[in-house]
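Reading the structure
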Amino acid sequence: MSADNNSGSLLKPAGLRTEVAVELIALNKWYGDFHVLRDINLKVRGGERIVICGPSGSGKSTMIRCINRLEEHQSGQIFVDGVEVTADLKKIDEVRREVGMVFQHFNLFPHLTVLENCTLAPIWVRKMPKGEAEDVARHYLTRVKIPEQANKYPGQLSGGQQQRVAIARALCMNPKIMLFDEPTSALDPEMVKEVLETMVALAHDGMTMLVVTHEMGFARQVANRILFMDEGQIVETNVPGEFFAHPQHERTKLFLGQILR
Amino acid sequence: MTMAEGDLAVAEMAFVRRATIEPRPPPAAMTGAIGWLRANLLSTPFNIALTVLIVLLLAWAIPEIVRFLVIDAVWSGNDRDACLWTVQHREIGACWPFVWERLPYFIYGSYPIPQRWRVDVFFLMLAVGVVWLLWLKAPRRDLGAVYFFIVLPVVSYILLTGWSRIGLEPVDSVLWGGVLVTIVVASVGIVFSLPLGIILALGRRSRMPVVRTLSVIFIEFVRGVPLITVLFMAGVMLPLFVPEQYSPDKLVRALVGIAIFASAYMAEVVRAGLQAIPRGQYEGAMAVGLGYAQMMRLVVLPQALTVTIPNIVNTYIGLFKDTTLVFIVGIFDLLRTIEVARIDPKWATPVTSTTGYAVAAIFYVVFCYGMSRYARATEARLAKSGRR
């Protein structure tokens with residue numbers, strides 16, 4: 001999926017931009033006594049695609065969930081598009097409007113049709129007229145290649161289709177940044193590909209993406225940078241070629257040895 | 001291993017289907033009336049025993065009921081003599097002339113006879129509102145909600161209590177009674193308990209400790225007290241503390257008591273529904289930028305209320321029947337009017353009480369079963385749309 005057919009203005013040019021999309025400074029988080037995130041520093045530029053990998057419990061999901069404040073952090077700073085994420089509800093709303101998120105278990109709203117899932121936030125948050133919101137929704141449903149499912153309920157779709165709806169739903173808010181939290185982990189093997197293809201297309205359009213995934217093929221294909229996390233810390237970060245060819249840290253080598261066969 | 005054995009092994013391991021098996025109808029024993037009987041009534045020895053027992057029970061009860069209510073019933077007459085075995089010298093069943101004569105009292109209580117058209121208008125308006133809201137294909141159901149929750153209460157209040165300025169003679173609520181009171185009490189309880197219950201349930205799940213504590217105290221206190229006590233407090237105790245001229249009408253006090261009582265139960269029902277909604281739904285809603293109120297209204301509550309429809313209706317049915325308790329503070333609901341009428345010397349016979357109670361039973365069964373059927377239909381509709 002390359003250039004778009006009717007509303008090219010909705011797309012952003014590809015390539016890295018100079019502005020900082022997300023910045024994490026000395027981020028720390030605890031669950032009770034458990035130190036989940038330890039001194040995380042990360043700067044993501046506009047248009048950058050970052051893949052985050054690491055063993056389970058290493059804090060990958062927690063880190064990206066801090067970015068749109070689904071998790072609170074206890075110390076350090078998070079800036080999203082220049083706005084600092086704090087307990088201030090206005091700031092949180094502002095950030096969530098600009099950050100789309102795709103979850104492992106889709107989290108579609110089962111009582112609404114696919115189309116209503118996509119138009120809900122534009123209508124209520126962006127105050128978009130219903131007709132316009134539906135046009136936008138159909139546009140993105142076409143982009144994720146399921147325009148014909150618009151009037152079905154999520155429960156009537158396959159896992160892969162549901163995840164593509166979830167991507168379309170996030171895109172309908174026209175976000176500047178997209179977070180993916182293991183988007184293919186809950187899918188049957190035959191459905192992983194269709195979701196990854198959608199994400200690749202999105203990457204080609206220049207979306208800023210932070211992706212927690214174990215799909216190393218995807219990482220190699222689209223990532224500008226790969227982050228490896230373990231025990232709440234960023235252990236190693238590199239461009240994909242170097243990351244896979246010459247992992248430096250012992251933990252990285254061990255991890256890659258386990259998942260790449 | 002010989003050549004033949006090797007071929008055999010291969011033949012056993014490899015298989016390719018050459019012809020597709022076409023679907024065939026199921027065996028006759030699975031379908032039709034006999035199949036249904038076998039599967040549902042006679043599947044196991046225990047099931048057979050239960051079926052026999054229930055058939056016997058019905059065979060004993062149904063003829064008795066039909067005999068009393070229809071076959072031996074008295075259909076006309078002017079006073080108790082019509083329903084007296086000693087006068088008529090035959091088996092006497094239900095005494096319908098008694099019901100027929102006292103029916104206006106059962107419906108309106110002591111509401112002044114020239115003003116009873118106002119009650120009829122109220123019943124009609126209520127029926128229109130209920131149908132408008134519950135009939136899914138009705139046009140403009142949003143207007144229906146405005147009508148039901150705003151127009152109807154205000155107009156009904158003016159209509160029933162009266163407003164001399166527009167020529168409606170005031171009618172003291174002491175005179176209200178019968179079905180009118182039962183319906184008014186039940187509707188007020190039903191209409192107020194759900195919104196109040198939702199607010200309390202959200203309060204109980206709030207992150208703010210003050211809101212949460214207040215909600216918990218309210219819910220636990222009200223649930224910890226019998227309805228009779230609430231009604232006593234509202235009906236008898238309150239006037240002791242509040243000067244008479246500021247003390248609201250007796251019926252209003254009972255209504256408030258019932259609404260508060262029902263909302264505490266409703267809060268727990270709604271809370272159960274809220275707990276059934278996975279965390280992912282909250283996260284999904286927050287991630288697309290919905291605020292707390294929007295998230296609750298658009299995403300969480302529609303799903304939570306859907307899964308709790310059976311429990312909500314259960315609470316409503318309980319509430320509907322509990323309205324009979326208002327007699328304890330001297331309000332004449334349907335059951336109370338029947339109680340009063342059955343000891344009227346004009347009609348006092350051995351069958352009068354049973355007849356009166358049969359009327360009450362039929363009334364309550366019709367309403368409660370109606371609610372239950374509507375809830376079942378709603379559930380079936382939601383299940384069919386594939387939302388669950």
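Above this text sits the structure in question.
One structure accompanies this document, and this report is about it.

Analysis parameters
- Residues numbered from 1 in each chain as written.
- Chains lettered and ligands numbered in written order.
- Predicted model: local features only at pLDDT ≥ 70, side-chain atom pairs only at ≥ 80, totals over all residues.
- Heavy atoms only, no water.
- Helix = DSSP H or I, 4+ residues; strand = E, 2+ residues; numbered from the N terminus.
- Rg over C-alpha atoms; globule rule 2.2 N^0.38 Å.
- Buried < 20%, exposed > 50% of the residue type's maximum accessible area, 1.4 Å probe, protein only.
- Areas by Shrake-Rupley, 256 points an atom, 1.4 Å probe, with all protein chains shown as cover.
- Lys, Arg positive; Asp, Glu negative; His and termini not counted.
- Charge placed at Lys NZ, Arg CZ, Asp CG, Glu CD.
- Pairing = 2+ DSSP bridges.
- Salt bridge = Lys/Arg side-chain N within 4 Å of Asp/Glu carboxyl O.
- Phe/Tyr/Trp six-rings, centres within 6.5 Å; stacked < 30°, edge-to-face > 60°.
- Lys NZ or Arg CZ within 6 Å of the ring centre and 35° of its normal.
- Axes fitted to C-alpha atoms, helices over the stretch in contact; angles between N-to-C directions.
- Left-handed = near helix turned anticlockwise from the far one by under 90°.
- Contact = heavy atoms within 4.5 Å.
- Nonpolar A, V, L, I, M, F, W, Y, C, P; charged D, E, K, R; others polar.
- Core = buried A, V, L, I, M, F, W, Y, C linked by side-chain atoms within 4.5 Å.

**Looking at the overall build of chain B**
Of regular secondary structure, chain B possesses 16 helices and one strand. Whereas a compact globule of 388 residues would reach a radius of gyration of roughly 21 Å, chain B reaches 29 Å, over 25% beyond that. Judged by the C-alpha coordinates and their principal axes, chain B covers about 110 × 70 × 40 Å. Here chain B holds 388 residues, and the buried ones make up 40% of them. Here chain B displays about 22,800 Å² of accessible surface, and carbon together with sulfur accounts for 70% of that area. A gap of 8 Å separates the mean positions of the 34 positive and 24 negative side-chain charges of chain B.

**What to know about the pairing of strand 3 (residues 49-53) of chain A**
Residues and elements named next belong to chain A. Taken across its five residues, strand 3 has five buried, putting it largely inside the fold. Covered by surrounding structure in strand 3 are R49, V51 and C53 together with I50 and I52, the residues of both alternating faces. Of the strand pairs in this sheet, strand 3 and strand 9 (residues 225-230) are connected by four bridges, and their pairing is parallel. Counted as the bridge partner of I52 is L227 from strand 9.

**Quick look at the pattern of salt bridges**
For the structure on display, the rule yields 28 salt bridges over all chains. Of the charged contacts, one joins A:K130 and A:E134 as a salt bridge, the two residues approaching to 3.8 Å between their closest N and O atoms. Note that A:K130 and A:E134 are positioned in helix 4 (residues 130-143) at a spacing of four residues, about one turn of the helix. A cluster of three or more residues bridged by salt bridges with shared partners is formed by A:K29, A:R65, A:E71, B:R279 and B:E283.

**Details of unusual backbone geometry**
Residues and elements named next belong to chain A. In this model, F106 sits at a positive phi of 65°, which is unusual for a non-glycine residue. By the secondary structure assignment, F106 is in the loop between strand 6 (99-102) and helix 3 (114-124). Phi is positive for N107, close to 55°, though the residue is something other than glycine. If you trace the backbone, N107 turns up in the loop between strand 6 and helix 3.

**Structural notes on the packing of aromatic side chains**
On inspection of all chains with the given rule, the structure shows 15 aromatic pairs over all chains. Ring centres of A:F228 and A:F255 lie 5.0 Å apart, and the angle between their planes is 45°; on these two criteria the pair is classed as tilted. You can see A:F228 sitting in strand 9 and its partner A:F255 sitting in helix 9 (residues 250-259), a full 27 residues away along the chain. Neither residue differs from the other here; A:F228 and A:F255 are each classed as buried. Note on B:Y111 and B:W176: the rings are 6.4 Å apart at their centroids and 55° apart in plane angle, and the pair reads as tilted. Residue B:Y111 is located in the loop between helix 5 (96-108) and helix 6 (116-134), and its partner B:W176 is located in the loop between helix 7 (141-161) and helix 8 (178-204); the two are separated by 65 residues in the primary sequence. Here B:Y111 and B:W176 have matching classes, each one buried. Among the aromatic residues, those joined into a cluster by ring pairs are B:F320, B:F363, B:Y364 and B:F367. One Lys or Arg, A:R169, reaches over the ring of A:F109 and ends 4.5 Å from the middle of that ring.

**Let's talk about the packing of helix 9 (residues 209-223) of chain B against helix 11 (residues 250-275) of chain B**
Residue and element names in this part refer to chain B. Packing of helix 9 against helix 11 brings their axes to within 9 Å, and their N-to-C directions diverge by 115°. As helix 9 packs across helix 11, the resulting crossing turns out to be left-handed. Mapping the contact onto sequence places F218, I219, V222 and R223 in helix 9 and I260, F261, S263, A264, Y265, A267 and E268 in helix 11. Looking at the contact of helix 9 with helix 11 residue by residue, the classes come out as eight nonpolar, one polar and two charged.

**Topic: the pairing of strand 2 (residues 34-45) of chain A**
Residues and elements named next belong to chain A. Relative to strand 2, strand 1 (residues 20-31) runs antiparallel, the two sharing eight bridges. Looking at the pairing, W30 lines up with H35 of strand 2. Hairpin remark: strand 1 followed by strand 2, antiparallel, with two residues in the connecting loop; positive phi at G32, about 60°.

**Notes on the nonpolar core**
Counting residues in hydrophobic clusters, the biggest one holds 96 residues, and the most contacted among them are B:W176, B:L274 and B:L290. One finds A:C53, A:A133, A:F180 and A:V195 within the second-largest nonpolar core, a separate group that totals 50 residues.

**Focus: the environment of A:F244**
Residues and elements named next belong to chain A. Turning to its location among the elements, F244 is positioned in helix 8 (residues 240-245). Residues F244 and R220, 24 residues apart in the sequence, show an inter-C-alpha distance of 8.4 Å. Not counting the four nearest positions on each side in its chain, F244 is found in contact with M216, A219, R220, I226, L256 and L260.

**Examining the sheet that holds strand 1 of chain A**
Residues and elements named next belong to chain A. The strand order 2-1-4-5 describes an open sheet built from four strands, whose pairing is antiparallel. What marks the edges here is a single partner per strand, and that holds for strand 2 and strand 5 (83-84). Most of the contacts of helix 1 (residues 60-67) go to strand 1, to which it runs at about 120°, and overall it touches strand 1, strand 2 and strand 4 (75-80).

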